[in-house]
Amino acid sequence: MAELESLETAAEHERILREIESTDTACIGPTLRSVYDGEEHGRFMEKLEARIRNHDREIEKMCNFHYQGFVDSITELLKVRGEAQKLKNQVTDTNRKLQSEGKELIIAMEELKQCRLQQRNISATVDKLTLCLPVLEMYSKLREQMKSKRHYPALKTLEHLEHTYLPQVSHYRFCKVMVDNIPKLREEIKEVSMSDLKDFLESIRKHSDKIGEMAMKQDCRYNQWKIIARIFFSLLLSPNIKAQQQRNLDNIVSQHPRISGGKKSKKEGCAGSDLEVKNTSPMSEQDSGILDVEDEEEDEEVPGAQELVDFSPVYRCLHIYTVLGARETFENYYRKQRRKQARLVLQPPSNMHETLDGYRRYFNQIVGFFVVEDHILHTTQGLVNRAYIDELWEMALSKTIAALRTHSSYCSDPSLVLDLKNLIVLFADTLQGYGFPVNQLFDMLLEIQDQYSETLLKKWSGVFRNILDSDNYSPIPVTNEEIYKKIVGQFPFQDAELEKQPFPKKFPFSEFVPKVYNQIKEFIYACLKFSEDLHLSSTEVDDMIRKSTNLLLTRTLSNCLQNVIKRKNVGLTELVQIIINTTHLEKSCKFLEEFITNITNVLPETVHTTKLYGTTTFKDARHAAEEEIYTNLNQKIDQFLQLADYDWMALEPGSRASDYLVDLIGFLRSTFAVFTHLPGKVAQTACMSACKHLSTSLMQLLLEAEVRQLTLGALQQFNLDVEECEQFARSGPVPGFQGDTLQLAFIDLRQLLDLFIQWDWSTYLADYGQPTCKYLRVNPTTALVLLEKMRDTSRKNNVFAQFRKNERDKQKLIDTVAKQLRSLINSHHS
């Protein structure tokens, strides 16, 4: 067993020795460690020493085998050493000589070395600068673009600089500075572009009226051609209204001798100017590049919005914010600011209603605002959309209509109202050309039409008053054919008998008839003017004109005529002439109907056509004048009766009628002589009314309480006056009465006087109450009152004072008659 272990140990030691011989000394440590880890290292050392001795013996053998060769080599080396020393000396000399000779070359080579180094550095520098210069150039270009406010190109340059150039030289310090400045530059571009946008918005707010004026100007020129065409068409269809329409056409052409067509499309050109057609009737910079075109000549084309306005600030800012990823912020800001501006634009000035220029500036600003927004809508993608525009327009429409309703209500001048209407139509047509709905504006114009009619009525009220006040209420004298034709041309009058009469001659009516007739026509023209361009049908225009004309006739003209008729200082001659005038005006109503038909081309037979009420108006005026004639005649009669001075105690009558009554009859004769041109019934009624009033007044004079006593002589004098009145009635002051019709006005007086003068009480009392009674018109009460005045009084000189002794029976008869009269009165009351 021990032998086996020793054999294993020997084999292990042998393996370690082989390993030591074959292993690199650097890796021998683990092998030796295995020796010392065991317990046989002593024996190993013995084996190691034995192995060393074996190797020494082998080395010695090998050296002994090669020793002679070694000796020979040493001998030859010794020989070579001498030669080598010589060679060394020669090399040293050669080197010294070479060093001495090459010193300059070394200096030159050193210089060449430095040059090559510099050349290499320069080449490297050029290469680096080649990379850096484009960066610096781009940065310089960026600064130059920002300095010249070319912000959008600057932003593009910044993008190229950041993503293309700077990454190539990012390790340089100046590039890091640039990279750090890029966000600041972006923010600066953003702020500057926003500042430009603010300047643009401010300038667009200031110059909206100019933009709107240009927009409405082009639309106005377009409408002028439409008006001229419409007038020519009207002249062809309705020759009866040729003169008035010709005046309108001449005015348009004279005001605008050279009408330029402007742009073909309203969206390409926008306009505002005044088209005020008159007749002879009473109706007669550098602000953000906003304005690049000043006022132009009338014969030049009207510039459009894109010619007037530089929109580049908006486009630049939009592109910049889009590139910077803040488009939504920009859109919200733009819309918010424009909404604020819209509210400012839609706020009318407080004195807008005073002049047309106030309305014009208001409309120009609104049109300018929406022209800009329409252009932005069509030239940008999504900055504003149709919903946003519609929302603004709805707000603008409601505020505009409310402002117009408020301010137009203050307007009392029909010319201003008409000009306002034309301006609103132009405003509506202009915006309609840009696609905005304007139906509500035209609906509002129909409301203004009512106000226009009221202002017309007020104005024509003054016109009619002036005509009626200045009229002389005398038939128009005509001295020659020219004047005659002129008047016939102004008023539709035909009278064959008057035409046959030689000159000079007179029309039956006064000057206010043709003047009033012409003013009615002018009023119709004024109403027609308002209906133009309102997109109304012929029937609607006809209905509007007829209703307004009816108001003119039934209210305005009627009131003016009534006021003239009711004036205190109006005379009978004037009243008679008014009746004659209204008669002729009434006959002319059918010609007014034809006149309106010619204008509107709507036949009177059309269903729902309104009829003119002129006939009623003139009839009412004539009836009022007739009543006023009756009243004036009665007042004149009363004035004459106030001059009556009867001696009620006279014993004997005079030889003729009283002077006041003779004068009264003379006045009546002369007055009724003027009534020759009046309709027969009017003159007859006036005459009958005057006679009845005279009869009633004489009866009251006889029976008034102040006359306490009267004599038979006074009664006989009173009878003479009544006979004078009856004589006047029989003379036929007014033709047309049949028989003694006019005398019947005095029948009550006649029967009463006959009863007392003839003292025929027996007949009266016997026949009282019978239809055939001779004194049928004598009332018992009236007879009793008059009888009481004739009763005898002992204390005064009554009518029977001198017959007290001889006429006692008659006095008793008076008492008896009085008693019977009282009995009749009592029985009648019961």
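Since this is a predicted model, take the numbers as computed values, not measurements.

As a further point, take the overall build of the protein chain. Within the protein chain, the secondary structure is distributed over 28 helices and two strands. Considering the protein chain as a whole, with its 830 residues, one finds that 44% of them fall into the buried category. Just so you have it, the protein chain exposes about 45400 Å², and 52% of that area is on carbon and sulfur atoms.

Between its first and last C-alpha, helix H10 (residues 327-345) extends 26 Å over 19 residues, near the 27 Å set by a 1.5 Å rise per residue. Of the residues making up H10, those classed as buried are Phe330, Glu331, Tyr334, Arg335, Arg338, Gln341, Ala342 and Val345. An end-on view of H10 places all buried positions within 125° of arc, on one side of the element. Among the exposed residues of H10, those pointing more than 90 degrees away from its buried face are Glu328, Thr329 and Leu344. Summarising the contacts, the buried residues of H10 are in contact with helix H5 (173-206), helix H9 (312-323), helix H11 (356-379) and helix H12 (386-408).

Enumeration over the complete set of coordinates arrives at 24 salt bridges. Between glutamate 391 and arginine 339 there is a salt bridge whose closest N-O contact spans 3.3 Å. With glutamate 391 in helix H12 and arginine 339 in helix H10, this residue pair connects regions lying 52 residues apart in the sequence. When its relative accessible area of 45% is taken as the criterion, glutamate 391 is described as partly exposed. Here arginine 339 falls in the partly exposed class, since its relative accessible area comes to 24%. The residue glutamate 726 makes a salt bridge to arginine 750 at a minimum N-O spacing of 2.9 Å. Residue glutamate 726 is located in helix H24 (residues 712-730), and its partner arginine 750 is located in helix H25 (residues 747-758); the two are separated by 24 residues in the primary sequence. Per residue, the accessibility class of glutamate 726 equals that of arginine 750, and both read buried. The network of salt bridges with shared partners includes Glu14, Arg18 and Arg51.

Okay, a nonpolar patch on the surface next. Among the surface-exposed residues, Tyr67, Phe70, Ile74, Leu77 and Leu78 lie close enough to one another that they form a single nonpolar patch of about 530 Å² accessible area. Here leucine 78 lies in helix H3 (residues 41-147). Here leucine 78 falls in the partly exposed class, since its relative accessible area comes to 48%.

Moving on, we come to the side chain of asparagine 634. Residue placement: asparagine 634 occurs in helix H21 (residues 614-641). A relative accessible area of 16% places asparagine 634 in the buried class. If sequence neighbours within four positions are ignored, asparagine 634 has contacts with Ser689, Ala690 and His693.

Following phenylalanine 503, the chain continues to proline 504 via a peptide bond in cis, the omega torsion being 0°. Turning to its location among the elements, proline 504 is positioned in the loop between helix H16 (496-500) and strand E2 (505-506). Residues other than glycine seldom take positive phi values, yet asparagine 601 does so here, at roughly 60°. Note that asparagine 601 resides in the loop between helix H20 (589-600) and H21.

Right, let's talk about the packing of H3 against helix H4 (residues 151-165) for a bit. Packing of H3 against H4 leaves a shortest axis separation of 8 Å and a crossing angle of 160°. One finds that H3 runs roughly antiparallel with respect to H4. When you trace H3 past H4, the crossing you get is left-handed. Every residue of H4 that contacts H3 at Pro134, Val135, Met138, Tyr139, Lys141, Leu142, Gln145 and Met146 is listed here: His151, Pro153, Ala154, Thr157, Leu158, His160, Leu161 and Tyr165. A breakdown of the residues in the contact of H3 with H4 according to their chemical character gives 11 nonpolar, four polar and one charged.

Attention shifts here to the packing of aromatic side chains. As enumerated under the stated definition, the model contains 33 aromatic pairs in all. When the centroid spacing of 6.0 Å and the interplanar angle of 70° are considered together, the rings of tyrosine 473 and phenylalanine 512 count as edge-to-face. Of this pair, tyrosine 473 sits in the loop between helix H14 (439-470) and strand E1 (477-478) while phenylalanine 512 sits in helix H17 (residues 512-531), and the two are 39 residues apart along the sequence. Since its relative accessible area comes to 6%, tyrosine 473 is described here as buried. Classification of phenylalanine 512 by relative accessible area gives buried; the value is 0%. Consider the rings of tyrosine 484 and phenylalanine 507, whose centres lie 5.1 Å apart with planes at 15°: the pair is stacked.

Counting through the fold element by element, glycine 489 comes out in helix H15 (residues 481-490). Overall, glycine 489 belongs to the exposed group, its relative accessible area being 61%. Between the alpha carbons of glycine 489 and proline 514 there is a distance of 9.2 Å; along the sequence they are 25 residues apart.

Moving on: the confidence of the model for the protein chain. Do not read the predicted coordinates in detail wherever pLDDT is low. Here the protein chain averages 79 in pLDDT, and 84% of its residues register 70 or above. Segment residues 231-300: pLDDT under 50, and 185 contacts once partners within four positions in sequence are set aside and those in other chains are kept. Across residues 792-803, where pLDDT falls below 50, the model places 22 contacts with residues more than four positions away in sequence or in other chains.

Let us look at the environment of alanine 526. In this fold, alanine 526 is placed in helix H17. Distance in space between the C-alpha atoms of alanine 526 and serine 453 is 9.2 Å, their sequence separation being 73 residues.

Our next topic: the environment of glutamate 40. Tracing the backbone shows glutamate 40 in the loop between helix H2 (29-37) and H3. Since its relative accessible area comes to 30%, glutamate 40 is described here as partly exposed. Between the alpha carbons of glutamate 40 and threonine 9 there is a distance of 7.7 Å; along the sequence they are 31 residues apart. Those residues within four positions of glutamate 40 in sequence are excluded, and the remaining contacts are Thr9 and His13.

Thresholds, definitions, all that
Residues numbered from 1 in each chain as written. Predicted model: local features only at pLDDT ≥ 70, side-chain atom pairs only at ≥ 80, totals over all residues. Heavy atoms only, no water. Helix = DSSP H or I, 4+ residues; strand = E, 2+ residues; numbered from the N terminus. Buried < 20%, exposed > 50% of the residue type's maximum accessible area, 1.4 Å probe, protein only. Areas by Shrake-Rupley, 256 points an atom, 1.4 Å probe, with all protein chains shown as cover. Expected span 1.5 Å × (residues − 1). Arc of directions from axis to C-beta. Contact = heavy atoms within 4.5 Å. Salt bridge = Lys/Arg side-chain N within 4 Å of Asp/Glu carboxyl O. Patch = residues over 30% accessible without salt bridge, like charges linked within 9 Å, V, L, I, M, F, W, Y side chains within 5 Å. Axes fitted to C-alpha atoms, helices over the stretch in contact; angles between N-to-C directions. Parallel < 35°, antiparallel > 145°, perpendicular 65-115°, else oblique. Left-handed = near helix turned anticlockwise from the far one by under 90°. Nonpolar A, V, L, I, M, F, W, Y, C, P; charged D, E, K, R; others polar. Phe/Tyr/Trp six-rings, centres within 6.5 Å; stacked < 30°, edge-to-face > 60°. pLDDT = per-residue confidence, 0-100.

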